[in-house]
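Residues per chain, in single letters:
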Amino acid sequence: MLYRSESKDLVLAATGDSLITRRLSVYDEPAFLQLFELVRGSDAAFTNLEMIFHHYEGYPAMESGGTWMQGDPALLDEMLWAGLNLFSVANNHSLDYSAGGLLATLRELQSRRMVCAGAGTNLAEARAPSYLETPAGRVALLAASSTFAPFGMAG
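Please read all numbers here as calculations on a predicted model, not as lab measurements.

### A look at the packing of aromatic side chains
- Per the stated rule, a full pass over the model turns up four aromatic pairs.
- Summarising the aromatic geometry, the rings of Tyr27 and Phe32 are spaced 5.9 Å apart at their centres and angled 75° between planes, so their arrangement reads as edge-to-face.
- Look at Tyr27 and you get partly exposed, because its relative accessible area is 32%.
- A relative accessible area of 24% places Phe32 in the partly exposed class.
- Within the aromatic cluster, the residues linked to one another by ring pairs are Tyr27, Phe32, Phe36 and Trp81.
- In this structure, Arg40 packs its charged tip against the face of Trp81, placed 4.5 Å from the ring centre.
- Over the ring of Tyr131 we find Arg138; its NZ or CZ atom is 4.0 Å from the centre of that ring.

### Some remarks on the pairing of strand β8 (residues 137-141)
- Strand direction decides the pairing type here: strand β7 (residues 130-134) and β8, joined by five bridges, are antiparallel. Bridge pairing in β8 links Leu132 to Val139.
- Remark: two residues form the turn of the hairpin made by β7 and β8, two consecutive strands paired antiparallel.

### Section: the pattern of salt bridges
- Evaluated as defined, the whole model comprises five salt bridges.
- A salt bridge links Arg112 to Glu108; the shortest N-O distance between them is 2.7 Å.
- Judged by its relative accessible area of 19%, Glu108 falls in the buried class.
- Because the salt bridges share partners, they merge into one network encompassing Asp77, Glu108 and Arg112.

### A word on the nonpolar core
- Counting residues in each nonpolar core, the largest one holds 24 residues, and the members touching the most others are Leu49, Phe53, Met79, Phe87, Val89 and Leu109.
- Those elements that place two or more of their residues in this core are α1 (30-40), β2 (44-49), α2 (74-82) and α3 (98-111).
- Counting nine residues, the second largest nonpolar core, distinct from the first, contains Leu86, Ala117, Leu132 and Leu141.

### Thoughts on the environment of Val139
- Mapping Val139 onto the fold places it in strand β8.
- Residue classification places Val139 among the buried positions, given a relative accessible area of 14%.
- The spatial distance from the C-alpha of Val139 to the C-alpha of Ala128 is 14 Å, given a sequence separation of 11 residues.
- Sequence-distant contacts of Val139, that is, excluding residues within four places in its chain, are made with Leu10, Ala44, Leu86, Ser130, Tyr131 and Leu132.

The rules behind each value
Residues numbered from 1 in each chain as written. Predicted model: local features only at pLDDT ≥ 70, side-chain atom pairs only at ≥ 80, totals over all residues. Heavy atoms only, no water. Phe/Tyr/Trp six-rings, centres within 6.5 Å; stacked < 30°, edge-to-face > 60°. Buried < 20%, exposed > 50% of the residue type's maximum accessible area, 1.4 Å probe, protein only. Lys NZ or Arg CZ within 6 Å of the ring centre and 35° of its normal. Pairing = 2+ DSSP bridges. Helix = DSSP H or I, 4+ residues; strand = E, 2+ residues; numbered from the N terminus. Salt bridge = Lys/Arg side-chain N within 4 Å of Asp/Glu carboxyl O. Core = buried A, V, L, I, M, F, W, Y, C linked by side-chain atoms within 4.5 Å. Contact = heavy atoms within 4.5 Å.

Printed below as a string of structure tokens:
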């Protein structure tokens with residue numbers, strides 16, 4: 001076999017919504033670390049960013065996805081530490097801090113070269129797939145949300 005991707009074996013780990021409000025890498029309990037070894041052992045590890053990460057750029061929107069979700073951008077590094085490498089930005093909290101918060105989040109993701117999909121500065125970007133290149137093959141990510149405030153539609 002010339003390439004690992006020819007084996008047709010690609011390991012995917014999928015999590016649900018990530019609401020990360022503090023560092024993960026400081027904990028050393030064996031059971032906790034075993035969970036992340038499972039994630040790190042995969043070729044592609046997906047999560048939904050159920051919050052946005054910025055330094056309060058933008059203003060709180062008139063409506064939110066239930067509560068205004070915001071995290072320090074340094075917490076994105078914790079997600080990388082955890083082994084996550086595919087991130088959906090499309091959800092009911094994407095515009096909790098209006099366009100300014102979303103655009104700041106996208107800049108933070110891009111500065112870390114994190115593969116994300118589901119939002120952008122225009123409809124074409126919001127609809128576009130993103131790609132993760134792994135030794136086991138190329139993975140495409142598409143992300144969409146069906147729950148959002150009326151002003152939150154991509155357009």
